[in-house]
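Spelled out, the chains give:
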Amino acid sequence: MEEEIDRSRAFAKNVKRIVVKVGTAVVTGKGGRLALGRLGAICEQLAELNSDGFEVILVSSGAVGLGRQRLRYRQLVNSSFADLQKPRTELDGKACAGVGQSSLMAYYETMFDQMDVTVAQMLVTDSSFRDKDFRKQLSETVKAMLKMRVIPVFNENDAISTRKAPYKDSTGIFWDNDSLAALLALELKADLLILLSDVEGLYTGPPSDPKSKLIHTYVKEKHQEEITFGEKSRLGRGGMTAKVKAAVNAAYGGIPVIITSGFAAENIAKVLKGLRVGTLFHQDAHLWARVVDTTSRDMAVAARESSRKLQALSSEDRKNILLDIANALEANEKIIKAENDLDVAAAQEAEYEESLVARLVMKPGKISSLAASIRQLAEMEDPIGRVLKKTEVANGLILEKTSSPLGVLLIVFESRPDALVQIASLAIRSGNGLLLKGGKEARRSNAILHKVITDAIPKTVGGKLIGLVTSRDEIPDLLKLDDVIDLVIPRGSNKLVSQIKNSTKIPVLGHADGICHVYVDKSCKVDMAKRVVSDAKLDYPAACNAMETLLVHKDLEQNGVLNELIYALQANGVTLYGGPKASGKLNIPETKSFHHEYSSKACTVEIVEDVHGAIDHIHQHGSAHTDCIVTEDKEVAEIFLRQVDSAAVFHNASTRFCDGFRFGLGAEVGISTSRIHARGPVGVEGLLTTRWIMRGKGQVVDGDNGVAYTHKDLPVLERTKAVENGH
């Protein structure tokens, strides 16, 4: 998922003076050598900031590690064969620091000189800061440098430090370069301190642990007791523990601090744009977040626990929950409509696209329609625990393949608040826990619908069965929970679906585009063709199953049918774009791309040779959603139906029929163009998996010697008969 602007980081727009600390793990790569590419990218960012008028102060680690690498090389070159057989002695840390400091500064001078930026080396020791005159002079010197656009490069002068050893003594005013950076930020009155590390920021546990979660804003009262640190830095002194200590000291001294990765390109620039990267430390952080709140994992675990309680209910009890929800929706129709009207008004005021506003509106009769679909769903056969296959494995050993809920579903959808109702009812019918994240444009509608639905769920199951995610910030964390969330279904734009697919290990079910075609063959009935084409485009232009491309047999241009179809669309306000053949003949603008979802009163028209040309066009430019042929030639129709590789293929019927409710599925969570698990409108069955139930009489395998396999198929009783027979 892309980073987004974080309101808690609005202060970044007023930052002028910035201290950037680069950790040892960022500066050096394998073997202690300089990570030239990574460090070069950071220098480039700092040079840009310098030219943009920012006052940049750099604190750099890495001298000791770099010096050690150079001295070991020199030691190796000067060693005899006999010397090489002896155990390698540990190099003096202070000597390493002295050698490394000059090498590190030489790199910075060379790199920044290429960018026309002047740098100055500033080596300091802990004891120096005990002198008030030193601190005053330091401030004046740095101020003069910054005025001349010079970047001071600070490092602790480990070579002459009075510490026992640069990696062991943690006493004094500062004790490493992290605490030095925090001290400098306070002394030099910086507006921001950025600590660059080898990880994204501060996590609730070791970053390598998949259960660890990135903390976006550190709240001391909440996080100081619950964080578990991993190992310290592989190269530096204190790793994340040292950074957190330094960050807390600076933040509570009034300097905002962000710990983020120095490995990611442009992270410094992203921080200054107020984007949510890394972990923020701020003295007011406790005012922005509750000390005790519900995490994404808590929501997912609660949904799973509630789903198990739901599955334990009888079929009749689950049916009654749905009927209660349908009644509750109708009883609260006025308040639901009022909240929806506020969302629509806000969307119009914000000048959202017409297609988005159209999906947002809950038209008169919508609540009644939703209630009717829920009741239809309630009356359907209970999908949970249905025996799909029954086998006698051996005498007295019976195996059943049964339907079972998937577990916990995460549905991310845009605009359409009615989708919340459909998805929630399907989740309940299929026995699944559910997490929902709707678009911000439907915030009020989603909130009231969620409340009405969860209030109707009995306390024996609990309203946590259906969790409503209210912040987009939580989505990245949810997408990491592949151990508690079983399926993600995104409903929305191509961009949304693509982002989610690229951001999670959890299986994703859905479609990115709805490029639906209607092909009108030469043997069509003209009136039927006009009806089908008009309905496919105009019934609901913003829907994913609306026609986006009209393909017409070449003969229909000569006999005038093409013009009749075009007139039928244009008379109803449809804007037409043509392919290379159609644009010139119809005098309409040529489309930039056949693979385009208008989601409005617009579509593309193209002329094809025959049914095979139409099929080729659909396979090349379509999205495998829904495609239709209008023809009276049954042979041509069968070719189209067999060969078009889409989730739904129709003959003489509008593409708008591709819908869970219209298919008799009761409702749908979405339409899938995937080829695994579920395809087309996904109703209850698409939210189920299978389990194997075996009933025996003490049989054992014993190397397959103690059992005679029969593998005989047995008849599967209908559920009512099975219940009557006690199965």
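What you see is a predicted model, and the numbers here were worked out from it, not measured in a lab.

Calculation notes
- Residues numbered from 1 in each chain as written.
- Predicted model: local features only at pLDDT ≥ 70, side-chain atom pairs only at ≥ 80, totals over all residues.
- Heavy atoms only, no water.
- Axes fitted to C-alpha atoms, helices over the stretch in contact; angles between N-to-C directions.
- Helix = DSSP H or I, 4+ residues; strand = E, 2+ residues; numbered from the N terminus.
- Parallel < 35°, antiparallel > 145°, perpendicular 65-115°, else oblique.
- Contact = heavy atoms within 4.5 Å.
- Nonpolar A, V, L, I, M, F, W, Y, C, P; charged D, E, K, R; others polar.
- Phe/Tyr/Trp six-rings, centres within 6.5 Å; stacked < 30°, edge-to-face > 60°.
- Buried < 20%, exposed > 50% of the residue type's maximum accessible area, 1.4 Å probe, protein only.
- Lys NZ or Arg CZ within 6 Å of the ring centre and 35° of its normal.
- pLDDT = per-residue confidence, 0-100.
- Pairing = 2+ DSSP bridges.

(A) Structural context of the packing of helix α13 (residues 315–331) against helix α16 (residues 366–379). For the pair α13 and α16, interaxial distance at closest approach is 9 Å and the crossing angle is 170°. Taken together, the axis directions place α13 and α16 in an arrangement best described as roughly antiparallel. Counted together, Lys 319, Leu 322, Leu 323, Ile 325, Ala 326, Asn 327, Leu 329 and Glu 330 of α13 and Ile 367, Ser 368, Ala 371, Ile 374, Arg 375, Leu 377, Ala 378 and Glu 379 of α16 form the full contact between these two elements. When its residues are assigned to classes, the contact of α13 with α16 shows ten nonpolar, two polar and four charged.

(B) Representation of the packing of aromatic side chains. The final tally for this structure, using the stated rule, is seven aromatic pairs. Geometrically, the ring pair formed by Tyr 218 and Phe 281 is stacked, given 4.7 Å between the ring centres and 25° between the ring planes. In this pair, Tyr 218 is assigned in strand β6 (residues 217–218) and Phe 281 in strand β8 (residues 279–281), connecting sequence segments 63 residues apart. Neither residue differs from the other here; Tyr 218 and Phe 281 are each classed as buried. Taking the centre distance of 6.4 Å and the plane angle of 20° together, the rings of Tyr 519 and Phe 640 count as stacked. Taken together, the positions of Tyr 519 in strand β15 (residues 516–520) and Phe 640 in helix α26 (residues 634–643) put the pair 121 residues apart, joining distant regions of the chain. Note on Phe 640: relative accessible area 0%, which makes it buried. An aromatic cluster is built from Tyr 107, Tyr 108 and Phe 112, whose rings are joined through pairwise contacts. Looking at Lys 363, its charged tip hangs above the ring of Tyr 540, at a distance of 6.0 Å from the centre.

(C) Highlighting the confidence of the model for the chain. Averaged over every residue, the pLDDT of the chain is 86; the share at 70 or more is 88%. Taken together, the stretch residues 720–727 has pLDDT below 50 and engages in four contacts with residues farther than four places along the chain or on a different chain.

(D) Quick look at the pairing of strand β7 (residues 257–261). With five of five residues buried, β7 lies mostly within the body of the structure. Across five bridges, the pairing between strand β5 (residues 192–197) and β7 is parallel. Of the residues in β7, the one forming a bridge with Leu 196 is Thr 260.

(E) Local environment of the pairing of strand β2 (residues 55–60). The buried fraction of β2 amounts to six of the six residues, a majority that puts the element mostly inside the structure. Residue alternation in β2 divides its side chains into two sets, Glu 55, Ile 57 and Val 59 and Val 56, Leu 58 and Ser 60, and both sets are buried. Pairing of strand β1 (residues 17–22) with β2, which is carried by six bridges, proceeds in the parallel orientation. What sits directly across from Arg 17, in β2, is Glu 55. As paired strands, β2 and strand β4 (residues 151–156) are joined by two bridges and run parallel to one another. Directly across from Val 59, in β4, lies its bridge partner Phe 154.

(F) Up close: the sheet that holds strand β23 (residues 688–695). With respect to topology, four strands assemble into an open sheet ordered β23-β10-β9-β24, the strand pairing being antiparallel. In this open sheet, the two edge strands, each paired with only one partner strand, are β23 and β24 (709–714). Pairs of neighbouring strands in the sheet enclose a mean axial angle of 25°, with direction left out of account. In terms of strand pairing, strand β9 (residues 387–394) meets strand β10 (residues 397–405) through six bridges, oriented antiparallel.

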